Amino acid sequence: MQAVVDLAKTKAKADCGCRSSRGCALGNAAVEIPEDNERLNAIVHDYKAEIRRRLRKYAREMGAREPDSLGDALMLLLEGGYYTRLTFPNNSGPVTAVAKAARALIDAHMD
């Protein structure tokens, strides 16, 4: 989760001339895809499902009591971190707590 915080920090990118990430590219695209476009919606769904699968797998590998629940909670933090930072100037909002929140979730799911 610290990587999400690092990504969210505003800093120039020499390779593209842009400021910082504007969230998940597929998440951003998803809001523009018409509901009846099954092909594009499937691409977004499959990508997000893979992220969910990996987070659940990592939770299982670390021995979490409820790995699926932990993986889903971590995904919510990840997804929320991408977008919440856009609504608070200078990354001063909830994104600053994402790594600490992830640690608390992980600790709560461990024996």
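Everything numeric in this text was worked out from a predicted model, so none of it was measured. (Residues numbered from 1 in each chain as written. Predicted model: local features only at pLDDT ≥ 70, side-chain atom pairs only at ≥ 80, totals over all residues. Heavy atoms only, no water.)

**A few points about the overall build of the chain**
The condition is simple: Secondary structure elements are taken from DSSP: a helix is a run of H or I of four residues or more, a strand is a run of E of two residues or more, and numbering for both begins at the N terminus. When checking whether two residues touch, look at their non-hydrogen atoms; a contact exists if any pair is within 4.5 Å. Computed with the Shrake-Rupley method and a 1.4 Å probe, the accessible areas treat only the protein chains shown as cover for residues.
Helix and strand counts for the chain come out as five helices and zero strands. Of the regular secondary structure in the chain, the N- to C-terminal order runs α-α-α-α-α. Looking at the chain alone, contacts between residues at least 24 apart form 55% of all its contacts between residues at least 6 apart. When the accessible area of the chain is evaluated, it comes to approximately 7400 Å², of which 55% is carbon and sulfur surface.

**Observations concerning helix α5 (residues 98-108)**
Along an α-helix, residues three or four positions apart point the same way, because every turn accommodates 3.6 residues. Where we set the bar: Exposed residues in this analysis have more than 50% of their type's maximum accessible area, buried residues have under 20%, and partly exposed residues fall in between, with area computed by a 1.4 Å probe over protein chains only. This arc is built from the directions going out from the helix axis to the C-beta atoms.
What α5 keeps buried is the set V98, A102 and I106. All buried residues of α5 fall inside an arc of 75 degrees around its axis, so they share one side.

**Section: the pattern of salt bridges**
Put simply, the rule reads: Here, a salt bridge means any side-chain nitrogen of Lys or Arg that lies within 4 Å of a carboxyl oxygen of Asp or Glu.
Under the definition given, this model contains 10 salt bridges. Close ionic contact of R53 with E50 constitutes a salt bridge, the shortest N to O distance being 2.6 Å. Placement of the pair is R53 and E50 together in helix α3 (residues 38-61), with a separation of three residues, close to one helical turn. Residue class for E50 comes out partly exposed when judged on its relative accessible area of 26%.

**What about the confidence of the model for the chain?**
Note the following rule: For every residue, the predictor states its confidence as a pLDDT score lying anywhere from 0 to 100.
Averaged over every residue, the pLDDT of the chain is 80; the share at 70 or more is 78%. Per-residue pLDDT, averaged within each element of the chain, yields its smallest value for helix α1 (residues 2-8) (50) and its largest for α5 (94). Across residues 10-18, where pLDDT falls below 50, the model places 13 contacts with residues more than four positions away in sequence or in other chains.

**A few points about the side chain of R56**
Note the cut-off: Any pair of N or O atoms that falls within 3.5 Å is considered a polar contact. Within protein, one atom must be able to donate a hydrogen and the other to accept it, and sequence-neighbouring residues count only if both atoms are side-chain atoms.
Within the secondary structure layout, R56 lies in helix α3. Relative accessible area serves as the criterion here: at 19%, R56 is assigned to the buried category. In terms of polar contacts, R56 uses its side chain to reach the side chain of D72, at 2.9 Å. In contact with R56, not counting residues within four places along its chain, are P67, D68, G71 and D72.

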